Amino acid sequence: MIYSFQPGAGGYWPNGGVIADKAGALYGTTTLGGSAGKGVVYKLTPPATSGGAWVETVLYSFNGTSDGAGPQSGLTWDAKGNLYGTTQGGGSSGLGTVFKLAPPKSGTGAWTLTVLYAFKGNMDGAAPNAGVVFDKAGALYGTTYYGGGPSDGGMAYKLTPPAPGKTNWTETVLTSFMKTPDGAAPNGGLLVAASGKVFGTTAFGGTNSQGTVFQLTPPAAGKTAWKKTILYNFKVSPDGVSPYCDLVADAKGALYGTTTGGGNPGSAIPGQGTVFKLTPPAAGKTAWTEKVIYNFKGGKDGAGPFAGLTFNAAGALIGSTTKTVFRLTPPATASGKWTETMSVYLPTQAGSIIAVGDPIVGAGGVIYGTTTYGGASGLGTVYKVKP
């Protein structure tokens, strides 16, 4: 562990992962703590000398009022060094926000928070657990866990930047989830493909009530409605249940993610969660093909992955379970199997470890991520794994 969170102004209980700047500093959020106890945005600066301590700086402490409360997600950058994220609560209606945090213009001093959008509930959505991602035009995309209409199954949204001379971002509800047959409770963020199509997961709902993978296609010329397509409905066995993650794609457009349970039929300890791959349909076909590329076994192998995945420079998948960090190496041939070539158990000094934020891969293949609990005070950590 490179940092253990403490009670108080520094924040604690990080539920999202971290991102890194060019200097190797890490940035993230905590759900609680800070001057008002409503969470913070923090920066961790690496030590000046080998073996030294990482130093935390609180960039912003949420008040729990109009500025938001309880950020659950990680952050994203724009080209100017501004940070973007969400809060699950707070805002003008108390139902969560999307925010921008701008660095000081002079290079020193306070960062400035601007609420880009405050959710209102009902069709508008509420409680964004996931962060936001940009498209090529600078619009932001995300999900809310609740809201979206009478089914309260959540929704996916787009925030369009202000027109020249204006200040307000414009929200568009891309789709509302109805629980059956299209899913409910999107906990992960969205993946925006180069084609403009948007992909994501729902933790519950669908035809089997076990979660889904969905695709949103932009409106045709002259139209306004996005088209929702359910690419896959999970069944528990053998394919897994409840994907809480966002997705990653390879160069061929295949999607990869995790399920928190299910899979591993016939095992002595079944249902410990999976890593799955969804392959696009062949020419002339419409159905995507799902394949479980890894079944978790529990113990030091890990179980119950909540976080998403990332590719390293060699094309291996990096991820985390509730207590491990793992690497899956792709097969040498099309018919081969993915192989777990690293599984690092995250030890704890106090309480349990729950790694829920997406890990990132830095220089030299070093992996960074967060745990919600554990560490010296049991209030969460930032970890570093050197393969």
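Refer to the structure printed above.
Bear in mind the structure is a predicted one, so any value in this text is a computation, not a measurement.

Chemist: I'm lost on the overall build of the chain in this one. Help?
Modeler: Per the secondary structure count, the chain includes zero helices and 28 strands. Across the 387 residues that make up the chain, the buried fraction comes to 52%. Across the chain, the fraction of contacts at a sequence separation of at least 24, relative to all contacts at a separation of at least 6, is 44%. Put simply, the chain has 27 plus and 16 minus side-chain charges, and the middle of one group is 5 Å from the middle of the other.

Chemist: Would you take a moment to explain the pairing of strand β27 (residues 367-371) for this structure?
Modeler: Across a regular strand the side chains alternate sides, sitting on one face of the sheet and then on the other. Buried residues dominate β27, accounting for five of its five residues. Of the two faces of β27, the one carrying Ile367, Gly369 and Thr371 and the one carrying Tyr368 and Thr370 are both buried. The pairing of strand β26 (residues 360-361) with β27 spans two bridges and is antiparallel. Within the sheet, the bridge partner assigned to Ile360 lies in β27 and is Tyr368. Hairpin connection between β26 and β27: a loop of five residues separates the two successive antiparallel strands, and Gly364 in this loop has a positive phi of roughly 75°.

Chemist: How should I be thinking about the pairing of strand β7 (residues 83-87) in this particular structure?
Modeler: Counting buried positions along β7 yields five of five residues, so the element is predominantly enclosed. Alternating positions in β7 separate into two faces, Leu83, Gly85 and Thr87 on one and Tyr84 and Thr86 on the other, with burial throughout. As defined by bridge partners, strand β6 (residues 76-77) adjoins β7 across two bridges and the pair is classed as antiparallel. Bridging across to β7, Trp77 finds its partner in Leu83. Where β6 folds back on β7, the antiparallel hairpin that results is connected by five residues, among which Gly81 adopts a positive phi of roughly 90°.

Chemist: Sorry if this is basic, but what is going on with the sheet that holds strand β15 (residues 198-202) here?
Modeler: Strands pair in a sheet through their backbones, by hydrogen bonds, and they do so in one of two ways: parallel or antiparallel. Strand order in the open sheet formed by four strands is β14-β15-β16-β17, with antiparallel pairing between adjacent strands. Of all strands in the sheet, those with a lone pairing partner are β14 (191-192) and β17 (227-233), marking the two edges. When β15 meets strand β16 (residues 212-217), the two strands line up antiparallel, connected through five bridges. Directly across from Phe199, in β16, lies its bridge partner Gln215.

Chemist: Even after reading the chapter, I still don't get the packing of aromatic side chains, so can you show me in this structure?
Modeler: Each aromatic ring pair is specified by the distance between its two centres and by the angle formed by the two planes. Under the criterion given, the structure shown has 23 aromatic pairs. When the ring of Tyr145 is compared with that of Tyr146, the centres are 4.9 Å apart and the planes differ by 90°; the resulting orientation is edge-to-face. The exposure class assigned to Tyr146 is partly exposed, which follows from its relative accessible area of 39%. The rings of Tyr3, Phe5 and Tyr42 are connected pair by pair, giving a single aromatic cluster. The ring of Tyr345 carries Lys300 above its face, with NZ or CZ at 5.8 Å from the centroid.

Chemist: When you look at unusual backbone geometry in this model, what are you seeing that I'm missing?
Modeler: In this model, Thr180 is joined to Pro181 through a cis peptide bond whose omega is 10°. Its place among the elements puts Pro181 in the loop between β13 (170-176) and β14. Geometrically, the link from Ser237 to Pro238 is a cis peptide bond, its omega value of 5° lying close to zero. Counting through the fold element by element, Pro238 comes out in the loop between β17 and β18 (248-249). Within the chain, Asn122 stands out as a residue other than glycine whose phi angle is a positive 55°.

Chemist: Could you clarify how one ought to interpret the environment of Gly315 in this entry?
Modeler: For Gly315, the position within the fold is in the loop between β22 (310-311) and β23 (317-320). Classification of Gly315 as partly exposed rests on a relative accessible area of 26%. Here the alpha-carbon distance between Gly315 and Asp250, two residues 65 residues apart in the chain, equals 8.7 Å.

Chemist: For this particular structure, what's the right way to read the layout of surface pockets?
Modeler: Remark: the empty space left among the atoms is shown by a probe the size of a water molecule rolled over them. Approximately 1000 Å³ is the volume attributed to the largest pocket. As for the largest pocket, its lining consists of 40 residues, and the residues nearest its centre are Gly17, Gly74, Gly189, Asp246 and Asp358. At the level of secondary structure, the elements contributing two or more residues to the lining of the largest pocket comprise β2 (19-20), β10 (133-134) and β14.

Chemist: Hey, could you run me through the pattern of salt bridges in this one?
Modeler: All chains considered together, the criterion is met by two salt bridges. A salt bridge links Asp182 to Lys228, with the nearest nitrogen and oxygen atoms 2.4 Å apart. With Asp182 in the loop between β13 and β14 and Lys228 in strand β17, this residue pair connects regions lying 46 residues apart in the sequence. Residue classification places Lys228 among the partly exposed residues on the basis of a relative accessible area of 26%. Across the salt bridge formed by Lys235 and Asp239, the nearest N and O atoms sit 3.4 Å from each other. Judged by relative accessible area, which is 42%, Lys235 ranks as partly exposed.

Chemist: Looking at this structure, I do not really get the side chain of Glu290. What am I missing?
Modeler: Looking at the element boundaries, Glu290 is found in strand β21 (residues 289-295). Although Glu290 lies buried, it forms no salt bridge, and the closest oppositely charged side chain, Lys235, sits 6.0 Å away as judged by the N-O distance. Excluding its chain neighbours within four sequence positions, the residues that come into contact with Glu290 are Tyr232, Phe234, Asp239, Phe276, Lys277 and Leu278.

What counts and how
Residues numbered from 1 in each chain as written. Predicted model: local features only at pLDDT ≥ 70, side-chain atom pairs only at ≥ 80, totals over all residues. Heavy atoms only, no water. Helix = DSSP H or I, 4+ residues; strand = E, 2+ residues; numbered from the N terminus. Buried < 20%, exposed > 50% of the residue type's maximum accessible area, 1.4 Å probe, protein only. Contact = heavy atoms within 4.5 Å. Lys, Arg positive; Asp, Glu negative; His and termini not counted. Charge placed at Lys NZ, Arg CZ, Asp CG, Glu CD. Pairing = 2+ DSSP bridges. Phe/Tyr/Trp six-rings, centres within 6.5 Å; stacked < 30°, edge-to-face > 60°. Lys NZ or Arg CZ within 6 Å of the ring centre and 35° of its normal. 1 Å grid on protein atoms, 1.4 Å probe; cavity = no way out; pocket = protein on both sides within 12 Å on 5 of 7 lines; lining within 4 Å. Points joined across faces, edges and corners; volume = space filled by probe spheres on them. Salt bridge = Lys/Arg side-chain N within 4 Å of Asp/Glu carboxyl O.

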